[in-house]
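What follows is the residue order along each chain.
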Amino acid sequence: MRFPVSRRALLLYGVGGASLSLLSGCGVRIDTPPDVPTLDETDQLRNRIARILAATTAGDNDPETAGEDLQKLRDAIGPVWSPPTEMATEPPPSEDPRTYIEAAEVVSDAVFTALPTLGSTLIPVLVDVATGLALTAGTEHAEFIRSADALIRDSRKSGAADASGSSEPAAASNSPESQPPSADDSTSPPVWNDILNQARAATYGYERLAVNFDTKSRERSSAVARLESLGSLAGEMLEKLGEKNAEPDAPSWKLDPIPRDPETAKELALALEDGVAAAILPWLQRDSEAALRLWESARTRTIFASPQVLRYSYPGDSGEAEAQK
């Protein structure tokens, strides 16, 4: 089995390759060359996105924040990797120069089409970067958002159909680490219950905040529509938990802030969506099916504020996602 290659490992390998070159130049014989990391399909996709972003520059028709957003995306996805030249068997691939909007189209299509085959801890950063690109580019071209939404939903249906129609698990999901916890797993109730509780809390919050907007406003319509997707999320968690493991609904939820007008209602909506994103992160780290739920949260959030280019933070060089604080 091929394990994901961390950014730290790739950077250290690059240093090791440079050292090998220097030793070879001094006539030092090395009988056993270091192993070259083998990239699986998910690692290859991450590396391709890194190359795309490295070759991207903000254009005149891109969003105003394109330059700043581009750097955030590069930092999150990590550096371009290729083996040292003395180890490479072929030239590293390259990407054509692109504008931000052009890169958004290519990256979102690549990630959301590949969702059923993703199977490593790189899932959050790939989904997060593709989502941020699609939504920020969508401020200039709304069709990007519609296209991304269709791709995500089609990929989820495709993944579900493949899982039900085959007795063999997908190659990208063979490892225990890549499998989502089942309802019988002793570690699963906390994960699924955390998401269930957050979905219930968000549902209550949207019921309270929706009435603070005009009946025909975009915010009111989106808040009402969000109730449906949150109900779907809660139902999915109940199915995963089963009757015995699901925690009872809480008698009341504390809202911060309490929605009293459009402004406080918007603040509450953002807080609710940040809570949803944090709750689903452990699921997303194991299962690409959670991508739809992150997308729904991120897209709804854009109704009440500017698009958030990244829903998670990526400290250090590990590439591990952490919920925004």
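Here, every reference points to the structure presented above.
Overview of the structure. Here the structure is a predicted model, which is why all the values come from computation and not from measurement. (Residues numbered from 1 in each chain as written. Predicted model: local features only at pLDDT ≥ 70, side-chain atom pairs only at ≥ 80, totals over all residues. Heavy atoms only, no water.)

## Structural notes on the environment of proline 124
Phase 1: As for its placement among the helices and strands, proline 124 is situated in helix H5 (residues 123-137).
Phase 2: Note on proline 124: relative accessible area 1%, which makes it buried.
Phase 3: Along the primary structure proline 124 and serine 288 are separated by 164 residues, whereas in three dimensions their C-alpha atoms are 8.2 Å apart.
Phase 4: Once residues lying within four places of it in the same chain are set aside, the contact partners of proline 124 are Leu281, Leu284, Gln285, Tyr314 and Ala321. (Helix = DSSP H or I, 4+ residues; strand = E, 2+ residues; numbered from the N terminus. Buried < 20%, exposed > 50% of the residue type's maximum accessible area, 1.4 Å probe, protein only. Contact = heavy atoms within 4.5 Å.)

## Quick look at unusual backbone geometry
Phase 1: With an omega of 0 degrees, the peptide bond running from aspartate 256 to proline 257 counts as cis.
Phase 2: Note on placement: proline 257 falls in the loop between helix H8 (218-245) and helix H9 (262-284).

## Quick notes on the packing of aromatic side chains
Phase 1: Applying the stated criterion across every chain yields a total of four aromatic pairs.
Phase 2: Note on phenylalanine 112 and tryptophan 295: the rings are 6.0 Å apart at their centroids and 70 degrees apart in plane angle, and the pair reads as edge-to-face. Here the residue phenylalanine 112 occupies a position in helix H4 (residues 100-114), and tryptophan 295 occupies one in helix H10 (residues 291-301), the gap between them amounting to 183 residues.
Phase 3: Taking relative accessible area as the criterion, tryptophan 295 reaches 0% and is therefore assigned buried.
Phase 4: Arranged with centres 6.0 Å apart and planes meeting at 40 degrees, the rings of phenylalanine 213 and phenylalanine 304 form a pair that is tilted. In this pair, phenylalanine 213 sits in the loop between helix H7 (188-210) and H8 while phenylalanine 304 sits in the loop between H10 and strand S1 (312-313), placing the two residues 91 residues apart along the sequence.
Phase 5: Taken together, the ring pairs connect Tyr206, Phe213 and Phe304 into an aromatic cluster.
Phase 6: Lysine 240 extends its terminal NZ or CZ atom over the ring of tryptophan 192, reaching a point 4.9 Å from the ring centre. (Phe/Tyr/Trp six-rings, centres within 6.5 Å; stacked < 30°, edge-to-face > 60°. Lys NZ or Arg CZ within 6 Å of the ring centre and 35° of its normal.)

## Brief notes about the packing of H9 against H10
Phase 1: With their axes 9 Å apart at the nearest point, H9 and H10 run at an angle of 165 degrees to one another. In terms of orientation, H9 lies roughly antiparallel with respect to H10. Handedness of the crossing formed by H9 with H10: left-handed. Across from Leu270, Glu273, Asp274, Val276, Ala277, Ile280, Trp283 and Leu284 in H9, the residues of H10 making contact are Ala291, Arg293, Leu294, Ser297, Thr300 and Arg301. (Axes fitted to C-alpha atoms, helices over the stretch in contact; angles between N-to-C directions. Parallel < 35°, antiparallel > 145°, perpendicular 65-115°, else oblique. Left-handed = near helix turned anticlockwise from the far one by under 90°.)

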